[in-house]
Amino acid sequence: MPTLGRRMGRRGCSLSCGSGSTVYSMAQRGDLPHIRLGSRYRFRVSEVIDAMRPERPVADTSRPVPRRRAQRLADYERGLENMRAATAYIDRIDPHGRMTQDESVEALRRGGFLG
């Protein structure tokens, strides 16, 4: 078992968490990390502090996606579809990949993929 580091007695518990009896009852319920040495409870200060911190709120998935974000997602998906179509077009006209980069760009212009 790792070392316990700094220990908190009843006084330390009452200063940081309300009352010592609250901390001990939370430990008995399993709400606080601790170890027992005989009839004594031992706590790591950092673990007690972490356990007492409020949890981060979970993202609310029931709300609709904001309009700007939805537009960005739609633009991104359109861009992916355009890229897939351009790749398929180049594969169709140059199946062996022998075209240079300039030739490929020119072919994409002729195909209407580039402005």
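Scroll up to find the structure.
From a predicted model like this one, the values you see are computed outputs, not experimental measurements. (Residues numbered from 1 in each chain as written. Predicted model: local features only at pLDDT ≥ 70, side-chain atom pairs only at ≥ 80, totals over all residues. Heavy atoms only, no water.)

**Examining the side chain of Asp-94**
The residue Asp-94 is located in the loop between helix 4 (67–93) and helix 5 (101–110) in this model. Buried and unpaired, Asp-94 has no salt bridge, with Arg-98 as the nearest side chain of opposite charge at 6.5 Å. A distance of 2.8 Å separates the side chain of Asp-94 from the backbone nitrogen of Met-99, its partner in a polar contact. (Helix = DSSP H or I, 4+ residues; strand = E, 2+ residues; numbered from the N terminus. Buried < 20%, exposed > 50% of the residue type's maximum accessible area, 1.4 Å probe, protein only. Lys, Arg positive; Asp, Glu negative; His and termini not counted. Salt bridge = Lys/Arg side-chain N within 4 Å of Asp/Glu carboxyl O. Polar contact = N/O pair within 3.5 Å; in protein donor to acceptor, adjacent residues only side chain to side chain.)

**Observations regarding the packing of aromatic side chains**
Counted by the stated rule, this structure contains 1 aromatic pair. Ring geometry for Tyr-89 versus Phe-113: centroids 5.3 Å apart, planes at 45 degrees, classification tilted. Of this pair, Tyr-89 sits in helix 4 while Phe-113 sits in the segment after helix 5, placing them 24 residues apart in sequence. (Phe/Tyr/Trp six-rings, centres within 6.5 Å; stacked < 30°, edge-to-face > 60°.)

**A short note on helix 5**
Taken together, the buried positions of helix 5 are occupied by Ser-104, Ala-107 and Leu-108. Angular distribution of buried residues about the axis of helix 5 spans 100 degrees; they occupy a single face of the element. Turned more than 90 degrees off the buried face of helix 5, the exposed positions are Asp-102 and Arg-110. Within two residues after helix 5, Gly-112 carries a phi angle of roughly 90 degrees, on the positive side. (Arc of directions from axis to C-beta.)

**Observations concerning the nonpolar core**
Grouped together as the largest cluster of nonpolar side chains are 8 residues: Val-23, Tyr-24, Met-26, Ala-27, Leu-32, Tyr-41, Phe-43 and Val-48. Residue contributions to this core peak at 4 residues, all from helix 2 (residues 20–29). If you look at the next biggest cluster of nonpolar residues, it comprises 5 residues, including Ala-86, Tyr-89, Ile-90 and Leu-108. (Core = buried A, V, L, I, M, F, W, Y, C linked by side-chain atoms within 4.5 Å.)

**Some words on the pattern of salt bridges**
Overall, the coordinates contain 3 salt bridges when judged by the stated rule. Salt-bridge contacts for Glu-81 lead to Arg-84; the nearest nitrogen and oxygen are separated by 2.7 Å. Here Glu-81 and its partner Arg-84 are both found in helix 4, 3 residues apart, which amounts to about one turn of the helix.

No statement about biological role is implied by the geometric values presented.
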